[in-house]
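Listed below are the residues making up each chain.
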Amino acid sequence: MNTATVHEIKRALEDMEATQIRALCLRLAKFKKDNKELLTYLLFEAHDEEAFITSSKRENAEAFTSIPNVNVYYLKKSVRRILRSLNKLIKYSGQPVTELELRIDFCKQVLAHQIPLNKSVVLRNLYDQQVKKIKSVLAKLDEDLQYDYRAALEMIDKK
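Given the structure is predicted, the values throughout are model-derived calculations rather than measurements.

### Here we look at a negative patch on the surface
- Together, D142, E143, D144 and D148 give the surface a local cluster of negative charge.
- Assignment of secondary structure puts D144 in helix α8 (residues 143-157).
- Taking the relative accessible area as the measure of exposure, D144 reaches 62% and is therefore exposed.

Written out as structure tokens, the structure is:
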């Protein structure tokens, strides 16, 4: 089966009625949890980005409090799981300000929960990669927004 291009899908959707499109969306939501999460974001959360950021930060904080502090292996595993979830939320939003807010919050949570970055090369690289992504997104924003986020970046970049 050859997959259609986005352009072909767009053309086909333009020719369909609203009820058919609704049925397709519901069927798509049944197949994968990711599809259902994306539809949930688009339908219920995309109109209020601030509330989405706040709830995502709250979920992130709860996830960090549930990390087992037994050994470095479980720490790495838990931090990666949190980061996977965070990346998914960032992808749903697609807005650079949301990405900045969530990545900065992730780094702050890592520092606040005293994740031992120096005990594991993987954890250190993971943290450094987030800082690098923050810097690259920050460079693409307006100067006013850059100024607002510079202080937060300097705080997490020193560690």
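### As for the side chain of Q146
- Of note, Q146 is situated in helix α8.
- For Q146, a relative accessible area of 14% puts it in the buried group.
- A polar atom in the side chain of Q146 sits 3.0 Å from the backbone oxygen of L141.
- Look past the residues within four positions of Q146 in its chain and what remains in contact with it is L138, A139, K140 and L141.

### So, the packing of helix α3 (residues 33-45) against helix α5 (residues 72-93)
- At a closest axis distance of 10 Å, the pairing of α3 and α5 adopts a crossing angle of 50°. Relative to α5, α3 is oriented oblique. Judged by the twist between their axes, the crossing of α3 over α5 is right-handed. Contacts between α3 and α5 involve D34, E37, L38 and Y41 on the former and, on the latter, K88, Y92 and S93.

Parameters at a glance
- Residues numbered from 1 in each chain as written.
- Predicted model: local features only at pLDDT ≥ 70, side-chain atom pairs only at ≥ 80, totals over all residues.
- Heavy atoms only, no water.
- Patch = residues over 30% accessible without salt bridge, like charges linked within 9 Å, V, L, I, M, F, W, Y side chains within 5 Å.
- Areas by Shrake-Rupley, 256 points an atom, 1.4 Å probe, with all protein chains shown as cover.
- Salt bridge = Lys/Arg side-chain N within 4 Å of Asp/Glu carboxyl O.
- Lys, Arg positive; Asp, Glu negative; His and termini not counted.
- Charge placed at Lys NZ, Arg CZ, Asp CG, Glu CD.
- Helix = DSSP H or I, 4+ residues; strand = E, 2+ residues; numbered from the N terminus.
- Buried < 20%, exposed > 50% of the residue type's maximum accessible area, 1.4 Å probe, protein only.
- Polar contact = N/O pair within 3.5 Å; in protein donor to acceptor, adjacent residues only side chain to side chain.
- Contact = heavy atoms within 4.5 Å.
- Axes fitted to C-alpha atoms, helices over the stretch in contact; angles between N-to-C directions.
- Parallel < 35°, antiparallel > 145°, perpendicular 65-115°, else oblique.
- Left-handed = near helix turned anticlockwise from the far one by under 90°.

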